[in-house]
Structures are given as C-alpha cells and as structure tokens.
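# Residue-level structure breakdown
Each chain is listed here by its residues.
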Amino acid sequence: MIYIKMATSTMICLLAMFGLAVGQYLNLLQSNPSQAFLQGFPSNFQDNNIGIFPAQRLPVNGLGYSKTKNIEELASKYKNSFSNPPPPLGAGQDPATQTCGLAPAFCTKSRYRSIDGTCNNLQRPTWGIPQTPYGRLVKFKYGDGISSFPRAVSGKELPNPREISSYLFPSKQLVDPIWNLNAQQWGQIITHDMSLTAGIAQSHKDTVSCCDDNGQLSRDAASNPLCAPIIIPPTDAVHSQVGTQCMNFVRTGTTRDRGCTPPFAPAEPLSTVTAYMDASFCYGSSDGQARPIRSYLGGRMRTILRNGREWPPQDPNVTLTCESAQSPNEPCYLAGDIRVNQNPQLTILQIIVLREHNRIADALSAINPHWDDETLYQEARRIVIAELQHINYYEYLPIFLGYDNMVKNKLIYPGAHSYVNDYNPNVDPTVLDEHATAAFRHFHTLIRGYLQLISENRRLAGIVRLSDWFNRPLLVELENAFDDLTRGLTFQPQDYSDQFWDSEITQFLFKRNNTFGGDLRATDIQRGRDHGLGSYVATRASCGLSVPKSFHEMTDFIPKQNVQLLELIYEHPEDVDLVVAGSLETNVPGAQTGPTFLCIITEQFYRTRVGDRFFFENGADPDIAFTPSQLESIRHGASIARVLCDNSDNIHHMQPKAFQQISHSNKPVPCSKLPAIDLTLWRDVGF
Ligand code: HEM
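Cut-off values and rules
Residues numbered from 1 in each chain as written. Predicted model: local features only at pLDDT ≥ 70, side-chain atom pairs only at ≥ 80, totals over all residues. Helix = DSSP H or I, 4+ residues; strand = E, 2+ residues; numbered from the N terminus. Buried ≥ 20, exposed ≤ 12 C-beta atoms within 10 Å, placed from the backbone. Contact = placed C-beta atoms within 7 Å. Near = placed C-beta within 6 Å. Nonpolar A, V, L, I, M, F, W, Y, C, P; charged D, E, K, R; others polar. Axes fitted to C-alpha atoms, helices over the stretch in contact; angles between N-to-C directions. Parallel < 35°, antiparallel > 145°, perpendicular 65-115°, else oblique. Arc of directions from axis to C-beta.

### Observations regarding the overall build of the protein
Of the regular secondary structure elements, the protein holds 24 helices and 13 strands. Across the 687 residues of the protein, 53% fall into the buried class. A fraction of 73% describes how many contacts in the protein between residues 6 or more apart in sequence connect residues 24 or more apart.

### Let's talk about the site of the ligand
Of all residues adjacent to the ligand, which total 23 residues, the nearest are Gly 187, Ser 195, Ala 436, Phe 443 and Arg 527. Taken together, the elements giving at least two residues each to the shell around the ligand come down to helix H6 (181-194) and helix H18 (520-530). A per-class count over the shell around the ligand returns nine nonpolar, 12 polar and two charged.

### Describing the packing of H6 against helix H11 (residues 344-367)
Packing of H6 against H11 brings their axes to within 9 Å, and their N-to-C directions diverge by 70 degrees. On the basis of the axis angle, H6 is roughly perpendicular to H11. Where H6 approaches H11, its residues Leu 181, Gln 185, Trp 186, Gln 188 and Ile 189 are matched on the opposing element by Gln 345, Leu 346 and Leu 349. Considering only residue class, the contact of H6 with H11 consists of five nonpolar, three polar and no charged.

### Section: helix H20 (residues 560-569)
For H20, the set of buried residues is Asn 562, Val 563 and Leu 566. What you see down the axis of H20 is that its buried residues fit within an arc of 105 degrees, all on one side. Of the exposed residues in H20, the ones pointing more than 90 degrees away from its buried face are Lys 560, Gln 561 and Leu 568. Next to the buried residues of H20 lie helix H5 (161-168) and helix H21 (578-582).

And the structure:
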C-alpha cells in the first residue's frame, strides 16, 4: 500500500514528461502496479527495475587477484624507450581559447560541418560554437547577482562541499547487474564531445594554485578572484589525519573575465568545445587544434606507428599534459580534446575512434582513388560522426534515459526506414549548464576504481588501480594492455547509478605522488555553485515537476533518510544544490537517474539532435544527406561492438550489445559476424 502511494504521487508528477494520460496510467496501476510506467520498455529493463524502488543491486566481493605489480615493472622498463616525433603545436597554445566565440563574416553553404561548428545554424552561426556560454534552464543564482558564490537564504555560506560529499556520497560498491564499464566510459566520450569548462586544466595541474600540492592554502587563495579552494573540515575522516587544509579549485572562465559583455552583466561560464555531437574530441574544435592532428595524406589523421600499431601523435609538452609521466619519453597523446590522457579507459576509446577514422579513410581511398586528401578526410569524418550519433542515440542513451521515454520525447525513431526531417533552426543546441555541471555529472557514480584486464577467453589477466594511471597513458601501450583493457570495459560491470561513489575519485582523484588526492563529488558541487546554477527546487519547477516547499515534500522523489540528511546539512529547502539533491533521487524505472536529472538530460539530447542541421538522419538538404541506402547501412552496421572489434589490436570476439555485460542472450560472437557498414555504398559513380 505504501508502495502504491509513493509510486502514485511520483508517477503523476512525471506523466507530463512522458505524455501518458492520467486515467490510462491509473488504470494500469490498479491492474498491475509494478508494471505501470514500464510499458514499452525492453523486457530486460523490467527484470531489474521494480517499481520506484531502487533496482536490484549486487554487492562486490573483493578484487580478486592482481597482477598490478607486473604492470608497474613493465612501466619502469619503458622509461627511456619512446622516441618523440617533432612536436606539433600543443592544444593549450590555441589562440582561439583567448576570446569569446565570434560569428564569421558570412556563412558559405558546405556539404561538411565546419570544425568549430560555425554556420551549422545558418541564421545563428554562433550557436553551439566554442568559447560561448552554456545555456540555462533556470536563471543564474549568484550571491551578488553578478558572479559571486551563491549564499543560503539566511545570507550565510552554503554548507561545505567536502562535508556534503562525505555524508551523502560515501564509498560503497554496488555494481550494476546489466550494464558494463563501457557504458560508463562511453558517457565520458559523449561529454567530452559536447562541453569543456573554460580556463581550468581539468586533467592536469591548474596553472593557478589556490591550494598547493601539500594541501595547504596558497597565498593566492584569498586574493585571486579565480580561487575558490574547497576547505577540508576539521572532522574529515581522511584528510584531517594528514593535515590537509584544502583542495585546489579554480573558477571557470566567464564572459566577464574575457570582457565579452558589459562590465555589470552577470557572469556566464564558457564552454570551449563545440556543443554539437560532432566527434570534436577526435577532430578538435578549432582549426588550430585540427591541423596538427591531421596527416594531410589520404584523408588520414596523424598517427605514430609503434610495435605495428597506430597511436595518436605525441603532445609536445609531456610534463605539463601528462603530469604523472615519469619520463618525457613516455607516450602522452595529442588529440582533438585536451582531456585525452586523463584516464586509461578514456584514452582507449579516443584511440579506437581515431583508428576508425583512418580505417574508413583508407577504405574510401581504395574505393575512390580519385578523391583528394580533403575529400577523404571530410567524408570519413562525416561517416564517423554518423556512426557515433547512431551509437549514442540508439545504443547508449536508451540505457540511461529509458527507451520508451526517448521514443515519446522524439529523441529516437526506431524502425524508421527513411529520413527523419526534424531539424529545427529555432532550437539552440548549446549545452545546458544544468546538464553539464549537474545532471550528466551524476554518472560519475558509475566509475569503478579498479579496472580489469581481460584476456580473449574472458579470463581475468590483471587489475590496475585507476588513481595510479590518471594522466599517464603509457599503460595502454604496455604489451596486451590495450586489448585487455578494452575487453575489460565490455566485461566488467559498471558501478550502480546511486549515491555511492568510488573512493578512487572521492579520495584519490589526480593524487600524483601523494597519498591522497582530490574529491570529484566535492568539485562537482563547488562547480555548480561557481556557475551559479539555479537551486534544486527552482530546477524542478522549470521541469514542470512538483515544487517542494519543505524538506518533507522532497520525499516524493528522494528517499526519506536522505531528505533527513539534507535537512541536517542545509538550513532551507531553497538552499539545496541541484547537483546534490538531483543525485539523491530514486531512479525512474528504465532510466538511470531520478525525474529531475532525467528531465534535464532528455531536454539536452532533444536539443542536440533537433538543433543539428547535419544530424545523420536528416535528409532535408540533399547536398548534406546520406543517400537512403547509406543511411540504412549506418543504421544496420554502426554499433559499439563493431567499432571496438575493428579498431582494437587483436580482439576476435565481442558480444553484440557491447554496453551490456556478457550473458546467455549476449554471448561474444566472432567479430566478422557482427553487422558492418557497407562502405562500397560510398563509391563515387559521378566520376
Ligand atoms: C574515470 C572517469 C572520469 C573522471 C576521472 C572524470 C573527471 C572529471 C573532472 C576532473 C571533471 C572536471 C571537474 C571540474 O573541475 O569541474 C569532469 C567534468 C565532467 N564530467 Fe567527468 N570524469 C569521468 C567520467 C565521466 C563520465 C562517465 C561522465 C558522464 C557519463 C562524466 C561527465 C562529466 C561532465 C558532464 C563534466 C563537465 C564537462 C564540462 O562541461 O566541462 N565524467 N569529470
């Protein structure tokens, strides 16, 4: 009975989002309560999502045996053995990063996307381009109405982010029963395709030090307006014991910092990559980034051959970019996105996509020997982007947003056989701050702190600790690690989408040579305040969800014991951070977030699709569109399984649903048995 009451109030609030008639829903609820809201979801969702209560969780028992030591021994042998190619221009030196996004003088119509996204929207050529502000669903909330950190309703400081992280997002491993680490990791690829906060290093040491390497407040902490170090509370279970005072935190670059708006206009944080889903993490977001990573031969991206395998070019500034590298001769990659070296699994997926580009460019060149480098590059890029869009919308997002929710909200059109002409030039594809700084960061909860290396017969070959390999991509080139880690991605369960976070990212993030490191959850909370995100309550209102006027009223979406903790931590319901409360909501059945984040993410990916004139299913402009048979082939053959198979070194078997764990219904099959895109459909018959 209690179950029905809770579920009913929650569900009714959600009906607007999912377009179900209230009567229809109530009828279903009475006849079969646990099935209400699950109609239309694939059967495997239903097995693991029981009503509005958290789904089945599997506890993790230890880490098994470890071969980490072997990896370390190997790593030490490689200290001096890499020969660096001549240094290209590093991504950090790109002059485009010093200004605000500017409209080009005019737009020329092109079959291909520009690198920086300009003129995707012909009427608003700056929509979605780098160096422009994030969008907002809710008005900014700054303490002084212009740029300072928001304060509580009482005027006091908001509660300490590290304290919130420790109380509400502790470390406990509950693993997902269905989805694997590849699902988690691909999410980071999508993120890096769509946004990057300006001015902060993210993946390596910040140039501004508000808190030094020993965790002590720097002289700049009080005087530099960019500094907002996270203060460690004296009660901190981990850091107080070692005398850490703070964690570094540098504020995001804004329109005000760059003088792009009048002096008293409120600060709008900037993103420095294209908002479009255009594989900018691979190709770059400006000409300055794109040029040094192209080979200008056969349409290929630049790669370096080592041990017969293709690797990205070397970043010229190894000690800065790959701060954990123990020698300047270690690999440290240059790619379209500066975060490429941040963690080994991310690096692997970046390399897989890079190799996919070159694989396609080679195939196109064999089919159309008369095509020049530029045509081959652009055509291969266009196919890679289409593949990724197909994988993102039809394989990845349904896991997190719910298949039925996506269909109802017109994010996907399963079974469509021809074009879907839903491009709308009035929809702004700019990434919402609520998405990038709150909702999508919720998926940091999925991260596993220890990564499995898995052999071809799917046996455990070793385990590495994540914090040993932040910003040190050497690992992926060691012996079979590239393939073993790739199989590990598809074999190892991701963490469950809940309030429990892995201590590798809440105690040891970018620890370098120190015993402890940063806290990604505390950083997310601080970043939300830095960006002046609207409160949890205000965001619920903007989503059309019920608006809690008291802590008690938050129990419609958040379990009671967590609401009680929120009430202990915050003074007033309107003080509650979106980043915090959104992550405490119970997951909507079939999705991996609660209703508020689901609203934001659904809205974002609707805009990302409908606001992209080049979206792969769009056929309105014949100069841009794929032919119907090419589109069909992309729909049939573009899968994450096939992309992994085609671009790893020696992987011969893969399960067809490669975001899903191996099971009886998802057994590895020979790679050749997986559907593939028929590139002969790109034969240029007009020649
Ligand atoms: C080991 C894996 C990961 C690590 C170490 C990591 C680390 C980070 C760091 C350090 C930041 C910047 C924090 C700040 O200073 O504000 C960040 C931002 C972010 N992360 Fe992650 N992350 C990981 C995986 C993911 C995943 C799986 C997702 C989503 C599925 C994700 C989504 C985001 C988003 C949306 C941002 C903000 C991007 C922006 O606009 O700048 N991350 N992450």
